[in-house]
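# Descriptive analysis of the structure
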There are 2 protein chains.
Amino acid sequence: MKKLLNQPDTLLTESLQGFAIAHADIVIAETSPRFVRRKHIANHPKVALVSGGGAGHEPLHAGFVGQGMLDAACPGQVFTSPTPDQMLAAAESVENGAGVLFIVKNYAGDVMNFEIAAEMLEAENATVLVADDVSLPADHSTGRRGVAGTLIVEKIVGAAAEQGRDLAACKALGEKVCRQTASMGLALSSCTVPEVGKPTFTIADNEVEMGVGIHGERGRDIVPMASAETLVQQLTETIDRDLSPQAGQKILLHINGLGATPLMELYLVFDIAAKYWQQKGIEIHRSLVGNYTTSLDMIGCSVTVTLLDEELIALWDAPVHTAALRWGC
Amino acid sequence: MKKLLNQPDTLLTESLQGFAIAHADIVIAETSPRFVRRKHIANHPKVALVSGGGAGHEPLHAGFVGQGMLDAACPGQVFTSPTPDQMLAAAESVENGAGVLFIVKNYAGDVMNFEIAAEMLEAENATVLVADDVSLPADHSTGRRGVAGTLIVEKIVGAAAEQGRDLAACKALGEKVCRQTASMGLALSSCTVPEVGKPTFTIADNEVEMGVGIHGERGRDIVPMASAETLVQQLTETIDRDLSPQAGQKILLHINGLGATPLMELYLVFDIAAKYWQQKGIEIHRSLVGNYTTSLDMIGCSVTVTLLDEELIALWDAPVHTAALRWGC
């Protein structure tokens, strides 16, 4: 394992220290318990958005804390759920009279810990569960996993909260975005968790992990290495079957790098996916290409589609000022 | 070699097609000859900024085309200079009465081809040569290489051009930023050029390439693998000796990923570098952390420092709207 670090067990702390210095105009990083919150809390009641999850997916979630998106995020250790006391402290620090909306990726540990935090929190609160990974069937025993679609939920609901929507409306909006969002990924390599020091899984030079999760979990199956066209089509077809967009539908197309994939290749993947839907008469109305929901140093990518309407377009376009997404301010 | 591509020789074309679809609101990609230009040319005379270089460094340079930064960029094949006819066509397409400033990284092929294009261009023009890699001595036979400091020159001069400064003033400003900017990188792995199919260089598991160039060129020497603290200090000390900032100096600190380094590690590198200068009484006044001047899939990073004054801070903060850098609009 060759990584830029001092000790595996200090990586998260030191990385968050750097993050807090680099973005001192946007965030404050608390250490005991550990969470990142906006530097400037709204001076009027506003639904507070709190998310979190294991580290290793940077910039998700701390990179999305700031005006127009999250109010706070709780990082756990690499690929490990944060604890309820982190979530509770984060929620209490940003709640200012309009309640808390927890945005939770569907993993057993995250779900359980956020449930405990929600019960402990005295303020009014609600939860949106993100489960956008369509590589698994909708009736999978533990449900579908939450992957790169999460940031789209956070961006759109973040904009609505900023505009003053109440807790019930924010929750309903988040669930609407979830229904209209589907993702699927593939990996050419495993990632290596620093504390473990060796790849999480092995994959042959002539194989691709299709439907991979963002922690390297197995997805649908292993397929032969092939051209990008052939591989990406397996992602787009699965997403298309799930969302069934009709001709004329406007979509947000998000190509996410899993950490070690060159941007040049991600734009090639975008080209393939965009043309797949354009040929069906779908309009690529908004786009996002880059490393946003990563899996440490994994080589691979995911494709995410959100079906847009005028409401979602306006909220996606609304000003946002975070470390990783910024426009309009 | 496992990469997401169809054929190595179609990667650049297909990737640029995806780029043009994803950022159709900002850019237009021309194909014969190949260059990327702003969609909206200023309707008043404005110095046109044109850059370019081999592909494989994405988002540099096409990702920096747009309001407040470049007017056009010419991508060559991977790690290969674009040709003079690309540069000439790009310059002619964006020149609108105030002349053209070429921003050129110091590599023999780029320098020669931009010189030919400059001679062929009928419009008034000038060139800023970027040579910020201080891993080589200032009197190196071919001069120092242009690396991650290039985007800082492009951002600051781009803002000045947008504000109406004339060609001579833009060139002088660019040269000032170059004098006040220093970079140095290290690599834990080689990159793999798609057309070649195998790593550009070999490096042992217990070795680090110190002072690496953005094409995998040798820098200063090979050093033993060590903690991030030990490795990054070799970068910060070399930069510090070159720029000799005094206590109280404000700096822009840019940590650049070379392509396959997790963001979590880049923020750890930022933490180490920031504290190095903070302990000397230097103020980390602006920051930029991420993959901006990459070397395909190389694992590694570079540190760049620019000495700031009020003029440069205002120009850095000025609005920019490109695929890869965006704020204030």
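Residues numbered from 1 in each chain as written. Chains lettered and ligands numbered in written order. Predicted model: local features only at pLDDT ≥ 70, side-chain atom pairs only at ≥ 80, totals over all residues. Heavy atoms only, no water.

## Looking at the packing of helix 4 (residues 150–162) of chain B against helix 5 (residues 167–179) of chain B
All names here are of chain B. What counts, and what does not: Working convention: axes come from line fits to C-alpha atoms, limited for helices to the stretch in contact. Angles between N-to-C directions cover 0 to 180 degrees. Secondary structure elements follow DSSP: runs of H or I no shorter than four residues count as helices, runs of E no shorter than two count as strands, and numbering proceeds from the N terminus. With respect to orientation, any angle under 35 degrees is reported as roughly parallel, any angle over 145 as roughly antiparallel, any angle of 65 to 115 as roughly perpendicular, and every other angle as oblique. Crossing chirality is assigned from the near helix's rotation relative to the far helix, an anticlockwise turn below a right angle marking it left-handed and a clockwise turn marking it right-handed. By the convention used here, residues are in contact when the closest approach between their heavy atoms is within 4.5 Å. Residues are grouped as follows: Ala, Val, Leu, Ile, Met, Phe, Trp, Tyr, Cys and Pro are nonpolar; Asp, Glu, Lys and Arg are charged; every other residue, Gly included, is polar.
Taken N-terminus to C-terminus, the directions of helix 4 and helix 5 make an angle of 150°; their axes are 9 Å apart at the nearest point. Regarding the angle of helix 4 to helix 5, the classification is roughly antiparallel. Read as a crossing pair, helix 4 and helix 5 show a hand that is right-handed. Residues Ile152, Val153, Ile156, Val157, Ala160 and Ala161 of helix 4 form the contact with helix 5, whose participating residues are Cys170, Leu173, Gly174, Val177 and Cys178. Of the residues that constitute the contact of helix 4 with helix 5, the class distribution is 10 nonpolar, 1 polar and no charged.

## Section: the relation of the copies chain B and chain A
Defined as follows: The least-squares superposition of copies is restricted to C-alpha atoms, and to residues with a pLDDT of at least 70 in both copies.
In screw terms, the move from chain B to chain A is a rotation of 180° and a rise of 0.0 Å along the axis, fitting with an RMSD of 0.0 Å. In short, the pair behaves as if placed about a two-fold rotation axis. Relative to the rotation axis, the closest C-alpha in chain B is found at B:Ala260, a distance of 1.9 Å. Comparing contact sets, 100% of the residues at the interface of chain B also lie at the interface in chain A, consistent with an isologous, same-surface contact.

## With respect to the UniProt feature "domain: DhaK" (unreviewed entry) in chain A
Operational definition: UniProt positions are given in the numbering used here, feature names are shortened, and annotations may be inferred rather than shown by experiment.
The UniProt record annotates "domain: DhaK" (unreviewed entry) at residues 7–327 of chain A. For residues 7–327 of chain A, the helix share is 32%, the strand share is 25%, and the end-to-end C-alpha distance is 36 Å.

## So, the domain arrangement of chain A
Residues and elements named next belong to chain A. Put simply, the test is: Residue ranges for the domains trace back to a domain assignment, done automatically or taken from a database. Buried area adds together the accessible area that both of two parts lose upon being put together, with accessible area traced by a 1.4 Å probe.
Domains assigned within chain A are domain 1 (10–180) and domain 2 (181–315). Placing the centre of domain 1 and that of domain 2 at their C-alpha centroids yields a distance of 22 Å. Listed as interface residues are 36 residues of domain 1 and, on the opposing side, 40 residues of domain 2. Overall, the association of domain 1 and domain 2 removes approximately 2,900 Å² of surface from exposure, summing both partners, and the carbon and sulfur fraction of that is 60%. Among the residues domain 1 hides against domain 2, the three largest losses belong to Phe79, Val134 and Gln180. Together they make up 21% of the total.

## Comments concerning helix 3 (residues 108–120) of chain B
Residue and element names in this part refer to chain B. Stated formally: To estimate how far a helix should extend, the number of its residues minus one is multiplied by 1.5 Å. Throughout this description, buried means an accessible area under 20% of the type-specific maximum (1.4 Å probe, protein chains only), exposed means over 50%, and partly exposed covers the range between.
Relative to the 18 Å expected for 13 residues at 1.5 Å per residue, helix 3 spans 19 Å between its end C-alpha atoms, a close match to the ideal helical length. Among the residues of helix 3, those classed as buried are Asp110, Val111, Asn113, Phe114, Ala117 and Ala118. Among the structural elements, strand 3 (48–55), helix 2 (84–94), strand 5 (100–105) and strand 6 (125–130) are those in contact with the buried residues of helix 3.

## Things to note about the pattern of salt bridges
Here is the rule: What counts as a salt bridge is simple: a side-chain nitrogen of Lys or Arg found within 4 Å of a carboxyl oxygen of Asp or Glu.
Applying the stated rule across the entire model yields 30 salt bridges over all chains. For the salt bridge of B:Glu311 with B:Lys176, the shortest nitrogen-to-oxygen distance reads 2.5 Å. Of this pair, B:Glu311 sits in helix 8 (residues 310–317) while B:Lys176 sits in helix 5; the two residues are 135 residues apart in sequence, bridging distant segments of the chain. Judged by relative accessible area, B:Lys176 falls into the buried class, the value being 16%. The structure contains a network of salt bridges with shared partners spanning A:Arg38, A:Lys46, A:Asp71 and A:Glu162.

## Here's the deal with helix 1 (residues 11–22) of chain B
With 12 residues, helix 1 of chain B should cover 16 Å at 1.5 Å per step; its first-to-last C-alpha distance of 16 Å lies within 8% of that length. In terms of burial, helix 1 of chain B is largely enclosed, as 9 of its 12 residues are buried. Taken together, the buried positions of helix 1 of chain B are occupied by B:Leu11, B:Leu12, B:Glu14, B:Ser15, B:Leu16, B:Gly18, B:Phe19, B:Ala20 and B:Ala22. In the core, the buried residues of helix 1 of chain B are packed alongside helix 7 (263–278) and strand 11 (283–290) of chain A together with strand 1 (27–31), strand 2 (34–38), strand 3 and strand 4 (72–78) of chain B.

## Structural notes on the sheet that holds strand 12 (residues 300–308) of chain B
Residue and element names in this part refer to chain B. What counts here: When DSSP finds at least two bridges between two strands, those strands are taken to pair.
What the 6 strands build is an open sheet, ordered 9-8-7-12-10-11; its pairing is mixed. Only two strands of the sheet have a single neighbouring strand rather than two, namely strand 9 (221–224) and strand 11 (283–290). Shown here is a sheet whose adjacent strand axes are inclined to one another by a mean of 20°, direction ignored. Against the sheet, helix 8 makes contact with strand 10 (250–257), strand 11 and strand 12, and its axis sits at roughly 35° relative to strand 11, the strand it touches most.

## Comments concerning the nonpolar core
All names here are of chain B. Put simply, the test is: For our purposes a nonpolar core is just a set of buried Ala, Val, Leu, Ile, Met, Phe, Trp, Tyr and Cys residues, chained together by side-chain atoms within 4.5 Å.
The biggest cluster of nonpolar side chains holds 101 residues, and the ones touching the most others in it are Leu253 and Trp277. The biggest single contributor to this core is helix 7 (residues 263–278), with 12 residues. If sequence neighbours within four positions are ignored, Leu253 has contacts with Phe270, Ala273, Ala274, Trp277, Ile284, Arg286, Ser287, Leu288, Val303, Thr304 and Val305.

## Side note on the side chain of A:Thr236
All names here are of chain A. Assignment of secondary structure puts Thr236 in helix 6 (residues 228–243). Take Thr236: its relative accessible area is 1%, and that puts it in the buried class. Contact partners of Thr236, with chain neighbours within four places excluded, come to Ala273, Tyr276 and Trp277.

## Structural notes on the interface of chain B and chain A
Rule in force here: Polar contact is the term for a pair of N or O atoms within 3.5 Å; when the atoms are in protein, one must be able to donate a hydrogen and the other to accept it, and sequence-neighboring residues count only if both atoms are side-chain atoms.
With 58 residues of chain B at the contact, the number on the chain A side is 58 residues. Carbon and sulfur atoms supply 65% of the area buried between chain B and chain A, which totals about 4,700 Å² over both sides. Contact with chain A buries surface across chain B, with B:Lys2, B:Leu4 and B:Met264 losing the most and accounting together for 22% of the total. Here A:Lys3 makes a salt bridge to B:Glu265, at a shortest N to O gap of 3.8 Å. Joining chain B to chain A, the criterion identifies 24 residue pairs in polar contact (both at pLDDT 80 or more). Breaking the side of chain B that touches chain A down by element, the ones donating at least two residues are helix 1, helix 6 (228–243), helix 7, strand 11 and strand 14 (326–327) of chain B.

## As for the packing of aromatic side chains
Operational definition: Only Phe, Tyr and Trp rings take part, Trp by its six-membered ring, and two of them pair if their centres are within 6.5 Å. Stacked means planes under 30 degrees apart, edge-to-face means over 60, and tilted covers everything else.
Summed over all chains, the structure comprises 8 aromatic pairs over all chains. Considering the side-chain rings of A:Phe19 and B:Tyr267, the 5.1 Å spacing of their centres and the 75° angle between planes classify their relative orientation as edge-to-face. Here B:Tyr267 lies in helix 7 and A:Phe19 lies in helix 1 (residues 11–22), a pairing that spans two chains. Take B:Tyr267: its relative accessible area is 6%, and that puts it in the buried class. Judged by centre distance (5.1 Å) and plane angle (90°), the ring pair of B:Tyr276 and B:Trp277 falls under edge-to-face. Residues B:Tyr276 and B:Trp277 agree in their burial class; the two are buried.

## Side note on the environment of A:Leu325
By the element assignment, A:Leu325 lies in the loop between strand 13 (320–321) and strand 14 (326–327). With relative accessibility at 2%, the residue A:Leu325 sits in the buried group.

## Comments concerning the sheet that holds strand 6 of chain B
All names here are of chain B. Sheet architecture is open: 6 strands sit in the order 1-2-4-3-5-6, paired in mixed fashion. Each of the sheet's edge strands pairs with one partner strand only, and the pair in question is strand 1 and strand 6. Looking at each pair of strands side by side, their axes are set apart by 20° on average, direction ignored. In this structure, strand 3 lies alongside strand 5, joined through 4 bridges in parallel fashion. For Ala48, the partnering residue across the bridge sits in strand 5 and is Val100. Where helix 2 meets the sheet, it contacts strand 2, strand 3, strand 4 and strand 5, and its direction lies at approximately 20° from that of strand 2. The strands that helix 5 touches are strand 5 and strand 6; relative to strand 6, the one it contacts most, it runs at about 5°.

## What about unusual backbone geometry?
B:Pro33 follows B:Ser32 through a cis peptide bond whose omega is -5°. If you trace the backbone, B:Pro33 turns up in the loop between strand 1 and strand 2. Cis geometry marks the peptide bond from B:Leu60 to B:His61; its omega dihedral reads -10°. As for its position among the elements, B:His61 is in the loop between strand 3 and strand 4. For A:Phe79, which is not glycine, the phi dihedral falls at a positive 55°.

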